[in-house]
Amino acid sequence: KNNCTFCGVFRRQALDRGAVLLNANKIVTGHNADDIAETVFLNVLRGDFPRLTRCTNSITGEDSALPRCKPFKYTYEKEIVMYAFHKKLDYFATECTYSPQAYRGVAREFIKDVEIIEPVCILNTIISGDEMKLGANSSSGRPLQVQGECAKCGYMTSQRICKACVLLEGLDKGDARYGVSRQAC
C-alpha cells in the first residue's frame with residue numbers, strides 16, 4: 001500500500017462531505033470503462049471479493065442519502081478524449097506524481113497489452129465483473145458487507161471504524177503503516 005490509500009480514502013470522503021454541504025442528492029463520477037476494468041483486475045489480484053462484486057455497479061449506495069453513479073461505465077477513455085477533441089472542449093488529463101509506483105498501473109498496463117490482442121477485453125472484463133456479482137448474490141441471500149456509520153466520526157462505512165479514522169489514528173501514532181495494514185482494519 002502507498003500514497004494512493006490515503007489519497008483515495010480522503011478524496012472520496014471530501015467529495016461526500018462537499019456534496020452534503022451543497023445539498024446534492026447524488027454524486028456523478030467520470031469513471032469510464034478503462035477505470036472500471038482496472039478496478040476489476042485490482043480486486044481480483046488483491047483477492048477482495050466484496051469489492052469485486054460491487055465495483056462494476058453503475059449506481060452504488062442506492063439506499064443511502066448520497067448515491068454515486070458512473071454514467072460512463074461502458075465508455076472507453078479514448079472515446080471521451082476523442083469527443084472532447086471533436087467538440088473543442090477543454091480536456092486535460094493529469095497524472096499523479098505517485099502514479100508510477102501505484103499498483104493500479106500494473107492492472108492498467110496488463111489491460112492495454114491484452115487490448116492489443118483482444119480489443120473488447122475492457123468491456124468483457126466489466127461484463128465478467130457483473131456476472132461475478134450476480135453469482136455472489138444468488139449463492140446467499142445476504143450482502144457481503146453492510147453499510148453502517150463510523151463509531152468515531154459518523155461517516156458511512158462497512159466497518160466499525162471508517163478507513164479515514166483508522167488512517168488518521170495511524171498518523172497520530174506516528175505510524176503511517178498502521179492504517180494500511182490488514183490487522184488495523
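Keep in mind that what you see is a predicted model, and the values were worked out from it rather than measured. (Residues numbered from 1 in each chain as written. Predicted model: local features only at pLDDT ≥ 70, side-chain atom pairs only at ≥ 80, totals over all residues. Heavy atoms only, no water.)

## With respect to the confidence of the model for the protein chain
In low-pLDDT regions, the fine details of the predicted coordinates are not to be read closely.
Here comes step 1: Per-residue pLDDT for the protein chain has a mean of 85; in total, 89% of the residues score no lower than 70.
Here comes step 2: Across the protein chain, the secondary-structure element scoring lowest on mean pLDDT is helix α6 (residues 121–139), at 80, and the one scoring highest is strand β1 (residues 27–28), at 95. (pLDDT = per-residue confidence, 0-100. Helix = DSSP H or I, 4+ residues; strand = E, 2+ residues; numbered from the N terminus.)

## Section: the side chain of Thr56
Here comes step 1: The residue Thr56 is located in the loop between α3 (49–52) and β2 (59–60) in this model.
Here comes step 2: Among the polar contacts listed, one links the side chain of Thr56 to the side chain of Asp130, at a separation of 2.6 Å.
Here comes step 3: For Thr56, the residues in contact, after removing those within four places along its chain, are Ile36, Val40, Lys73, Ile126, Gly129, Asp130 and Lys133. (Polar contact = N/O pair within 3.5 Å; in protein donor to acceptor, adjacent residues only side chain to side chain. Contact = heavy atoms within 4.5 Å.)

## Quick word on the environment of Thr29
Here comes step 1: Take Thr29: it is sitting in the loop between β1 and α2 (33–46).
Here comes step 2: Sequence spacing of Thr29 and Cys69 is 40 residues, and the spatial spacing of their C-alpha atoms is 6.4 Å.
Here comes step 3: Once residues within four sequence positions are removed from consideration, Thr29 is found in contact with Arg68, Cys69, Lys70, Pro71 and Phe72.
Here comes step 4: Among the polar contacts listed, one links the side chain of Thr29 to the side chain of His31, at a separation of 2.7 Å.

## Considering the packing of α2 against helix α5 (residues 104–117)
Here comes step 1: In contact at an axis separation of 9 Å, α2 and α5 are set at 115 degrees when each is read in the N-to-C sense. On the basis of the axis angle, α2 is roughly perpendicular to α5. Classified by chirality, the crossing of α5 by α2 is right-handed. Residues Asp34, Asp35, Ala37, Glu38, Thr39, Phe41 and Leu42 of α2 touch α5, and the partners they reach there are Arg104, Ala107, Arg108, Phe110, Ile111 and Lys112.
Here comes step 2: Each residue belonging to the contact of α2 with α5 can be placed in one class, and the counts come to 6 nonpolar, 1 polar and 6 charged. (Axes fitted to C-alpha atoms, helices over the stretch in contact; angles between N-to-C directions. Parallel < 35°, antiparallel > 145°, perpendicular 65-115°, else oblique. Left-handed = near helix turned anticlockwise from the far one by under 90°. Nonpolar A, V, L, I, M, F, W, Y, C, P; charged D, E, K, R; others polar.)

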